[in-house]
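Each chain, letter by letter, is given below.
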Amino acid sequence: SDLQRLLDELRVRPGVRIELIGRSAEGRPLEMVSLGPERPAHSFVVRARAHPWEAGGNWVAQGLLRRLARGEDEGTRRLMARASVHVMPMANKDGVARGMTRFNVRGADLNRRWDRPSDPELAPENHALEMWLERRIREAGPPTLALDLHNDGSGRLHVARPPDVALAAYLERMALLERCLRSRTWFTEGTSAASFSNPGSLGEGWLERYGVTAAVLELNSNYVAGRDSPPSPALWEEFGAALVDVFNDYCDALASR
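About the thresholds
- The residue count restarts for each chain, going from 1 along the sequence in the order it is written.
- Only residues with pLDDT of 70 or above have their local features reported here, since the model is predicted, and side-chain atom pairs are shown and tallied only from 80 upward, although totals for entire chains, interfaces and linings are computed over all residues.
- Excluded from the side-chain calculations are hydrogens and water; all other atoms, namely the structure's heavy atoms, are used.
- Pairs were defined over the aromatic rings of Phe, Tyr and Trp, the Trp ring being its six-membered one, requiring ring centres within 6.5 Å. Orientation was assigned from the angle between planes: stacked under 30 degrees, edge-to-face over 60, tilted for the rest.
- Think of it this way: any DSSP run of H or I at least four residues long counts as a helix, any run of E at least two long counts as a strand, and we number them from the N terminus.
- For every residue, the accessible area (1.4 Å probe, protein chains only) is compared with the maximum for its type, and the residue is labelled buried under 20%, exposed over 50%, or partly exposed between those bounds.
- Any two residues whose heavy atoms approach within 4.5 Å at even a single point are treated as in contact.
- Residues adjacent in sequence count toward polar contacts only when both atoms are side-chain atoms; beyond that, a polar contact is any pair of N or O atoms within 3.5 Å, and within protein one must be able to donate a hydrogen and the other to accept it.
- The pairing criterion for strands is at least two bridges between them, as found by DSSP.
- Residue types Ala, Val, Leu, Ile, Met, Phe, Trp, Tyr and Cys, when buried and joined through side-chain atoms within 4.5 Å, form a set referred to as a nonpolar core.
- In this description, a line fitted to the C-alpha atoms serves as the axis of each element, helices being fitted only across the stretch in contact, and the angle between N-to-C directions of two axes falls anywhere from 0 to 180 degrees.
- For classification, angles of less than 35 degrees are called roughly parallel, those exceeding 145 degrees roughly antiparallel, those between 65 and 115 degrees roughly perpendicular, and all remaining angles oblique.
- Crossings are assigned a handedness: left-handed for a near helix turned anticlockwise from the far helix by less than a right angle, right-handed for a clockwise turn.
- Think of a salt bridge as a Lys or Arg side-chain nitrogen and an Asp or Glu carboxyl oxygen that are within 4 Å of each other.

Given two aromatic rings, their pairing is described by the distance between the two centres and the angle made by the two planes. Taken as a whole and assessed by the stated rule, the structure comprises five aromatic pairs. Note on Trp 114 and Trp 206: the rings are 5.9 Å apart at their centroids and 85° apart in plane angle, and the pair reads as edge-to-face. One end of the pair, Trp 114, is in the loop between helix H4 (93-97) and helix H5 (124-140); the other, Trp 206, is in helix H7 (residues 202-210), with 92 residues separating them in the sequence. Note on Trp 114: relative accessible area 0%, which makes it buried. Centre to centre, the rings of Trp 186 and Phe 239 are 4.8 Å apart; their planes meet at 50°, and the pair counts as tilted. Residue Trp 186 is located in the loop between helix H6 (168-184) and H7, and its partner Phe 239 is located in helix H8 (residues 233-255); the two are separated by 53 residues in the primary sequence. Residue Trp 186 is classed as buried on the basis of its relative accessible area of 6%. Grouping aromatic residues by their ring pairs yields a cluster made of Phe 44, Phe 247 and Tyr 250.

Regarding helix H3 (residues 74-82), the residues found buried are Gly 75, Thr 76, Leu 79, Met 80 and Arg 82. If you follow the buried residues of H3, they end up packed against strand S2 (29-35), strand S3 (42-48), helix H2 (56-70), strand S4 (83-88) and H8. Structurally, the start of H3 carries an N-cap: the backbone nitrogen of Gly 75 is 3.1 Å from a side-chain oxygen of Asp 73.

All right, on to unusual backbone geometry then. Even without being a glycine, Arg 49 presents a positive backbone phi close to 65°. Mapped onto the elements of the fold, Arg 49 is located in the loop between S3 and H2. Although it is not a glycine, Arg 113 adopts a positive phi angle of roughly 65°. By the secondary structure assignment, Arg 113 is in the loop between H4 and H5.

All right, on to the pairing of S3 then. Burial runs high along S3: seven of the seven residues are buried. Burial along S3 is two-sided: the face carrying His 42, Phe 44, Val 46 and Ala 48 and the face carrying Ser 43, Val 45 and Arg 47 are both buried. Judged from the six bridges that link them, S3 and S4 form a sheet pairing that is parallel. Looking at the pairing, Arg 47 lines up with Met 88 of S4. Inspection of the sheet shows S3 paired to strand S5 (residues 145-152) by five bridges, in the parallel sense. The residue of S5 that forms the bridge with Val 46 is Leu 147.

To continue, consider the nonpolar core. Side chains that are nonpolar tend, in soluble globular proteins, to be buried together. Core analysis: the biggest nonpolar cluster contains 53 residues, and Leu 64, Leu 79, Leu 177, Phe 239 and Phe 247 have the highest contact counts within it. Here Phe 247 is in contact with Phe 44, Val 46, Leu 64, Leu 79, Val 85, Leu 145 and Leu 147, once residues within four sequence places are set aside. One finds Ala 50, Ala 108, Leu 110 and Val 212 within the second-largest nonpolar core, a separate group that totals 21 residues.

With that settled, consider the sheet that holds S2. Reading across the sheet, the seven strands line up as S1-S2-S4-S3-S5-S7-S6 and stay open at both edges, with mixed pairing between neighbours. With partners counted over all chains shown, the strands left at the sheet margins are strand S1 (17-23) and strand S6 (156-158), one partner each. Along the sheet, successive strands turn relative to each other by an average axial angle of 20°, direction set aside. Packing of H3 onto the sheet brings it into contact with S2, S3 and S4, and relative to S4 it is tilted by some 95°.

Following both chains from N to C, one finds H2 and H8 inclined at 50°, their axes separated by 7 Å at the closest point. The angle between H2 and H8 falls in the class oblique. Here the hand of the crossing between H2 and H8 comes out right-handed. The segment H2 lies against H8, with Gly 56, Trp 59, Val 60, Gln 62, Gly 63, Leu 64, Arg 66, Arg 67 and Leu 68 engaging Pro 233, Trp 236, Glu 237, Phe 239, Gly 240, Ala 241, Ala 242, Leu 243, Val 244, Asp 245 and Phe 247.

Following the criterion strictly, the structure yields 25 salt bridges and no others. The salt bridge partner of Glu 31 is Lys 93, with a shortest N-O separation of 3.0 Å. Placement of the pair is Glu 31 in strand S2 and Lys 93 in helix H4, with a sequence separation of 62 residues. Owing to a relative accessible area of 7%, Glu 31 belongs among the buried residues under this scheme. Note that Arg 182 and Glu 178 form a salt bridge whose closest N and O atoms lie 2.9 Å from each other. Linking Arg 182 with Glu 178, this pair stays in helix H6, spanning four residues, or about one helical turn. Under the relative-accessibility criterion, Arg 182 is labelled partly exposed at 40%. The exposure class of Glu 178 is buried, given its relative accessible area of 16%. A network of salt bridges, in which partner residues are shared, links Glu 26, Arg 28, Asp 94 and Arg 98.

All quantities given are derived from atomic positions and should not be read as evidence of function.
Here it is, written out as structure tokens:
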């Protein structure tokens, strides 16, 4: 119901495109919300709520979308002049509606098995996003950056390290993203250790299969260290709004290389 109110709010804003990309296992609509040029120099993809209990991603997505839709500040205008932003605000609608914790209603973890084509029967939510991504790559090229938003008890930017993939350029971009996050948001937790492995996650799968600079951003569900505060909807939305500045800095840094 919160998501529906947000979508109703966004629909009346100029420049907002809300696309039905598929349906969940129980038939709920899966939306992709897009703003910015159709074929821009850069594009950013954000997915939220693959795991039902991890509600912080929804607030982050809401903060990002509201700032972009208002279009009132210079940072937003700069980003929209050169980049598109695409947000899947709730990937696991059935799980959220049913009060589940991690999986979809058919037992699939929507942050696994991205290292292979998605099963449309087991995980129609992932299949819909995969089909959207492949069409987007054909029409406009791969995204500049993709983030999969999650919550856990520590908070890290999980850097992908799939086997048999040249990682030097990717790791350089992840270091750049971390600097942008630290500069523009309250993010302080840093990246996962070099020994960390997250096989089949969206971050690893999209890098391995499509060459997309992608990562899982786990935000601490217990404590916001950068603000010495428990998390709150206001802090999550603030973080999401600040992603506009993160994306701008990221584009600037890429252009200067």
